[in-house]
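Coordinate analysis (summary)
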Amino acid sequence: MSAHDAGSVGMMRQGAVGMVRRVERDGRHLVEKRLTDPARHDNEVRALRALERADLPTPELVDERPGVIVMTEMPGERLDAQDPETRLARLRASGPLLRRLHEETPPKGLLPAPDDATIIARYRRAGGPPLPLRIPPASGLVFCHGDWTDGNLLATGAGITGIVDWEAAHVGDPIRELARAAWGAGRKDARSAHALIEAYGADPALVHAWDAIHAAELWLWFAKAGPPEYLHQLTRELHEWRRG
């Protein structure tokens with residue numbers, strides 16, 4: 001039975017982006033993800049195939065065809081559905097998994113890493129709040145998830161049970177990826193950044209050197225995709241941060 005013949009058993013969100021629904025095939029509950037961008041589709045397929053033997057809770061690729069990826073459904077709830085203390089504990093549990101991912105051999109053909117020089121130039125042209133923008137020294141090139149956020153981490157109990165949405169996977173700087181995850185998590189709960197950095201086992205000073213880059217990157221995203229209130233809130237935060 002092909003993916004497009006599988007009976008849908010309900011819409012869902014396994015991950016933060018893409019059109020995703022739960023499907024059933026031969027009694028198995030699976031997830032069908034539809035991507036309109038062929039490059040991102042192929043990228044997620046490459047990443048999932050490379051992770052088949054990794055000691056990480058990632059979906060198993062079951063089937064794929066143009067625009068459609070079918071994978072196993074991972075157990076657990078997204079971290080952004082948790083109360084603050086549970087979220088903090090589970091975010092901390094994700095740190096060693098991110099480090100383990102960075103030790104895996106990346107597959108060939110992944111999308112390129114973000115271009116930080118371009119991000120800085122675009123931000124300055126767009127007139128965002130003044131930030132101390134500079135590119136920190138490189139710390140290596142590793143297999144990166146690309147979007148290690150609450151919406152892409154699933155958990156039950158004290159452990160992470162699923163890491164989903166691999167369409168932005170790339171070969172990039174490990175500290176940059178950790179910093180992006182920590183800065184984003186810290187906007188929701190200031191304790192989160194420290195918890196994730198400590199659990200990963202990185203030098204906080206090296207990680208926080210990337211904060212301005214990630215602030216600019218998120219500001220550009222909100223400026224392009226909205227909603228406007230998110231951009232306004234972040235703009236206020238960045239003005240306060242700069243004064244602080």
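Everything below is about the structure shown above.
Description of the structure in this document. (Residues numbered from 1 in each chain as written. Predicted model: local features only at pLDDT ≥ 70, side-chain atom pairs only at ≥ 80, totals over all residues. Heavy atoms only, no water.)

Here the focus is the layout of surface pockets. Think of a ball as big as a water molecule: rolled over the atoms, this probe shows where empty space is left. Here the second largest pocket defines a volume of roughly 230 Å³. The wall of the second largest pocket is formed by Ala182, Trp183, Gly186, Arg187, Ala190, Ala193, His194, His208, Asp211, Glu237, Leu238 and Trp241. Taken together, the elements giving at least two residues each to the lining of the second largest pocket come down to helix 4 (174-188), helix 5 (190-200) and helix 8 (228-243). The dominant element in the lining of the second largest pocket, judged by the number of residues it contributes, is helix 4, at four residues. Taken together, the residues of the lining of the second largest pocket break down into six nonpolar, three polar and three charged. (1 Å grid on protein atoms, 1.4 Å probe; cavity = no way out; pocket = protein on both sides within 12 Å on 5 of 7 lines; lining within 4 Å. Points joined across faces, edges and corners; volume = space filled by probe spheres on them. Helix = DSSP H or I, 4+ residues; strand = E, 2+ residues; numbered from the N terminus. Nonpolar A, V, L, I, M, F, W, Y, C, P; charged D, E, K, R; others polar.)

Quick look at the sheet that holds strand 9 (residues 159-163) now. Strand order in the open sheet formed by three strands is 6-8-9, and the pairing between neighbours is antiparallel. Two strands bound the open sheet, and with one partner strand each, they are strand 6 (77-78) and strand 9. In this sheet, strand 8 (residues 153-156) lies alongside strand 6 in antiparallel orientation, the contact comprising two bridges. Residue pairing in the sheet places Glu77 in a bridge with Ala155 of strand 8. With respect to the sheet, helix 2 (residues 84-101) is in contact with strand 8 and strand 9, its orientation differing from that of strand 9 by roughly 65°. (Pairing = 2+ DSSP bridges. Contact = heavy atoms within 4.5 Å. Axes fitted to C-alpha atoms, helices over the stretch in contact; angles between N-to-C directions.)

Next up on the list: helix 1 (residues 38-50). When the terminal C-alpha atoms of helix 1 are compared, their 18 Å separation across 13 residues agrees well with the 18 Å that a helix rising 1.5 Å per residue should span. Turning to helix 1, its buried residues number three or more, namely His41, Asn43, Glu44, Val45, Ala47 and Leu48. Those residues of helix 1 hidden inside the fold are in contact with strand 3 (28-34), strand 4 (61-65), strand 5 (68-72) and strand 7 (142-144). (Expected span 1.5 Å × (residues − 1). Buried < 20%, exposed > 50% of the residue type's maximum accessible area, 1.4 Å probe, protein only.)

In this structure, Ala81 sits in the loop between strand 6 and helix 2. Considering only alpha carbons, one finds Ala81 and Gly151, 70 residues apart in sequence, at a separation of 8.6 Å.

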